[in-house]
Structures are given as C-alpha cells and as structure tokens.
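Observations on chain architecture
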Amino acid sequence: MKYSETVTWLFAQLPMYQRVGQAAYKANLDNTHRLAAYLKHPEDGFKSVHVAGTNGKGSTSHMLASVLQEAGYTVGLYTSPHLKDFRERIKINGEMIPKRTVSTFIATHTSFFESHQLSFFEMTVGLAFDYFRNKKVDIAIIEVGLGGRLDSTNIITPEVSVITNIGLDHTQFLGTTLAEIASEKAGIIKPEIPVVIGEYHKETLAIFEEIALKNNSKLYKAFQSTETLLPSDLKGDYQKSNIRTVQAVVKILQQKKYNIGIQHLGKGLQNVVDNTGLQGRWQTLQENPKIICDTAHNKEGLTYVLKQLQSEKFEKLHIVLGFVSDKAVETVLPLFPKSATYYFCKPDIARGMEVAKLMQQAENFGLKGNLFPSVQSALKAAKKSAHPTDLIFVGGSTFVVAEVV
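So, here is what we can say about the structure in this document. Everything numeric in this text was worked out from a predicted model, so none of it was measured. (Residues numbered from 1 in each chain as written. Predicted model: local features only at pLDDT ≥ 70, side-chain atom pairs only at ≥ 80, totals over all residues. Heavy atoms only, no water.)

1. Description of the sheet that holds strand β9 (residues 283-286)
Basically, it comes down to this: Two strands pair if DSSP finds at least two bridges between them. Secondary structure counts use DSSP, requiring at least four H or I residues in a row for a helix and at least two E residues in a row for a strand, with both numbered from the N terminus. Interaxial angles span 0 to 180 degrees and are taken between N-to-C directions of axes, which are lines fitted to C-alpha atoms, for helices over the stretch in contact. The contact definition used throughout considers only heavy atoms, calling two residues in contact when any of these lie within 4.5 Å.
Read across the open sheet, the six strands follow the order β9-β10-β14-β11-β12-β13; overall the sheet is mixed. Strands at the two margins of the open sheet, each flanked by one partner only, are β9 and β13 (369-371). Going across the sheet, the axis of each strand differs from the next one's by a mean of 20°, ignoring polarity. In terms of strand pairing, strand β10 (residues 290-293) meets strand β14 (residues 391-395) through four bridges, oriented parallel. The partner of Ile-291 across the bridge, within β14, is Ile-392. Helix-sheet contacts for helix α14 (residues 355-364) involve β11 (317-321), β12 (341-344) and β13, and the interaxial angle to β13 is about 165°.

2. Some details on the environment of Pro-388
Relative to the helices and strands, Pro-388 resides in the loop between α15 (375-385) and β14. Between the alpha carbons of Pro-388 and Glu-315 there is a distance of 9.0 Å; along the sequence they are 73 residues apart. Dropping the residues within four chain positions of it, Pro-388 is found in contact with Asn-288 and Pro-289.

3. Comments concerning the sheet that holds strand β2 (residues 75-78)
Taken in spatial order, the eight strands line up as β4-β3-β2-β5-β1-β6-β7-β8 in an open sheet, and their pairing is mixed. A strand with exactly one partner marks an edge of an open sheet, and here the two such strands are β4 (95-96) and β8 (219-221). Across the face of the sheet, helix α6 (residues 120-134) comes into contact with β2, β3 (90-92) and β5 (139-143) while running at roughly 15° to β3. Contacting β1 (48-52), β5, β6 (160-163), β7 (195-197) and β8, helix α10 (residues 239-255) runs over the sheet at an angle of about 170° to β6.

4. A closer look at empty space enclosed by the protein
Applicable threshold: A cavity here means a set of points on a 1 Å grid, drawn over the protein atoms and nothing else, where a 1.4 Å probe fits but cannot get out; a pocket is an open set with protein on both sides within 12 Å along at least five of seven lines, and a residue lines either one if it has an atom within 4 Å of a point. Grid points are joined across faces, edges and corners, and a volume is the space filled by probe spheres set on the points. Residues were grouped as follows: Ala, Val, Leu, Ile, Met, Phe, Trp, Tyr, Cys and Pro as nonpolar; Asp, Glu, Lys and Arg as charged; and all remaining residues, including Gly, as polar.
Tallied over the full model, the rule gives two cavities of 30 Å³ or more. The computed volume of the second largest cavity comes to approximately 40 Å³. If you trace the second largest cavity, you find it lined by Thr-32, Leu-35, Ala-36, Leu-39, Pro-42, Glu-43, Val-125, Gly-126, Phe-129 and Ile-155. Among the residues forming the lining of the second largest cavity, the class breakdown is seven nonpolar, two polar and one charged.

5. Thoughts on helix α9 (residues 202-214)
The line we're drawing: Throughout, exposure labels follow a simple rule: accessible area from a 1.4 Å probe, protein chains only, divided by the maximum for the residue type, with under 20% read as buried, over 50% as exposed, and the rest as partly exposed. Along the arc lie the directions from the helix axis toward the C-beta atoms.
Every buried residue belonging to α9 is among Thr-204, Leu-205, Ile-207, Phe-208, Ile-211 and Ala-212, and all of these are buried. Looking down the long axis of α9, one finds its buried residues gathered within 165° of arc, a one-sided arrangement. Exposed residues pointing more than 90 degrees away from the buried face of α9 are listed as Lys-202, Leu-213 and Lys-214. Considering only its buried residues, α9 is in contact with β6, α8 (178-185), β7 and β8.

6. A look at the side chain of Thr-124
With respect to the secondary-structure elements, Thr-124 resides in helix α6. Accessibility expressed as a relative area gives 1% for Thr-124, which makes it buried. Once you skip the residues sitting within four places of it in the chain, Thr-124 turns out to touch Tyr-78, Phe-86, Arg-89 and Ile-90.

Here it is, written out as structure tokens:
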C-alpha cells in the first residue's frame, strides 16, 4: 500500500474514537498486551515519561520533548490527535515518522491486526513504540490518548508519570465525577515510579495520594512549587501551570542523572514550536485583523482561553465556532461572550456537530450569528466582516482548528 492508502485503511477499516466516538473505546488492555508480545515488547526498548490529564497533556509533552532535545537527547514524542497529518502523532526530535515506515509497518502486520481486530489506537501505539525502539531514542515522551488506566500507552514503565490536571471530559468512558476521572488517570501510576501532579483539585488530591502510597511512588505536587516560572513561546495563560509541571519533571529527571541544565530548560521552553512543530495552542494566524486559534474544547480549557480572549485589545469580537456531536455544548456555551458575532460551522469529520443544531443551542444562551457549511466559509465570512482593529477567534474543537492552521 502507498502511504495515502495505508492511512485511509487505518482510519476507515477500524472503529476509531476520533471518527466514530464511543464505539472505538475498549475496556481492557488485552489486545495491547497481545500486540506488544507479538512485536517482541518494544515498550521495553526505550526510556519514557508518561503524561496524562484532561487538559495540558499535549503542551506539557511537547515542552518536555523540547527541553530534552535542547539537552542533546534523541527524543521520541507520541501525541494525539493530529491536526493535518497522521504522522504528527509520532516524531523523533520534531521530525515526523517517514511515510514509508508507516506503510511498511502496517503492510507487514496487517494479518495480525485484522485477525485480532485491533483498534486504531492499538495499532498506532504499536507503530510508535516499535519505531522508537528501532531508532534507539534516548527517551520518549508518551502522551496518554484517553484516560490512563485502560489507555493503550499504559504498558510502559516510565522514568516519571505526569498527571497535568483533572476536568469533566469524556465522561461516557471515564466517569461523571472528578474523583472517578482521577482514578482512571491515576492508573498510569506505577510501583516505585515518581509521579508529578500539575494542578490542585480538592476532590482528586486524596485519590492521587492514596494510589501513590499503594504503589510506593513518591508524589510531587507541582502546584506547590515556588520556583520562578521561565517564559515560553507558548503564550496561552493556561501554560503557566504546564510550565510549572515541566519544571518539576525536569528536576526529577536531573535526580535520575539526566544531564539537563537550566540553559536547556530555558531554551527548550522558549523553542517548543520550532523544536517540536506544535500548533493550535493560542496560535496567532495573522494580524489586522488579528486571528487567534486554540484547540481548547472542554469547560476547563475554554474557561482559560475565553478569559485571555477578553484581555486582548479589539473593537469587535468575531468567533468561528464548531464542535463534535458528542460534546455536551450546554456546559461550554454559557462561557462564551454574548457581545461577539458568531460564525457557526461544522468541522469536516463524521463526528462534527450539525451546524443547525449548534446554532439552535447557542441561541438558547444568547449567542447570535449565522451558520456556514464549512470552517473555511465561516472564517472567510468573519474576515470579510472584520475591521483591522477587530479580533477573530477560531475554536471549539481540535478539528475546527485543524482546518485553519
């Protein structure tokens, strides 16, 4: 298969959370363990840092990779979802996995994948871990896909586990309370492996403390740190907590004899985009009118982003907005300003929320605007309406942002 055919097969052949939602979620790691054994345990072939959390895990993972790259290490980076190209999920020192490597891996193992009905996530994790082992990375930053305990990545024994924060997202899989979701995320805590907690929630801290104690894992509370936060090229206000978390993780890696100096930490945090290719985090797309996009898509993430939006200087605010169909929009629409003009749209995936439904729901919360058949047509209309001193924000879903970056 050519690369394009391989990716089409990956996306279409099997149920996938990104495409079809809940049908792709599996409630155990049996298939992942089978795959790991079949591939001769690639997860044992490299050192790693495991990063979970409702928000911030992507930014934190990219920051950590950037810092380690600045320190001279060969760094694998596994993240999800991608914005433009499937290969964004698997990188070494900021370079995407080659197309040929993806195609060869899938072609070589197709019969095993089909006979065991492996999910998109299971195959992708197998591909990433096999690639990192074969390329002999010094360390890989592994971002959890969904939850923690039952995520396909949860077969590694990392140098350190990281839980950035806990919010109410993916409740159909992970539980409907912060405590239940924290228990799922805490499933990445391993015996005698240190764990860093990024943010404080009174409902979740006791759970992390209890599970860390059971595993004899030293618990580090990054939110208690009084260290000066170093600046980053990731400009969202919400990044402060992620920077604090990264600084705590780096300290642990230094204790484990990783040669990371303050200069590497500083340079790594300042060059995340250049070093890793991260996009869509409080990203300015143009000036006059200024256009900002952000992938925040749940209550906690959008609260931060919309607060920062109001601190920007502008005459009028235009918001290009779309969601996925399984998003409980009634929990996030009240956060959006009634004074903005809205351009409602549907992201170009099967899971995209029908734009008429979104507009109807938005009107219930006093949000007024027009509907558009696509993200691009919505953005085009916003640009046409906006004066140079106005501000356009594009967001609501990772998949909306993917169409504009």
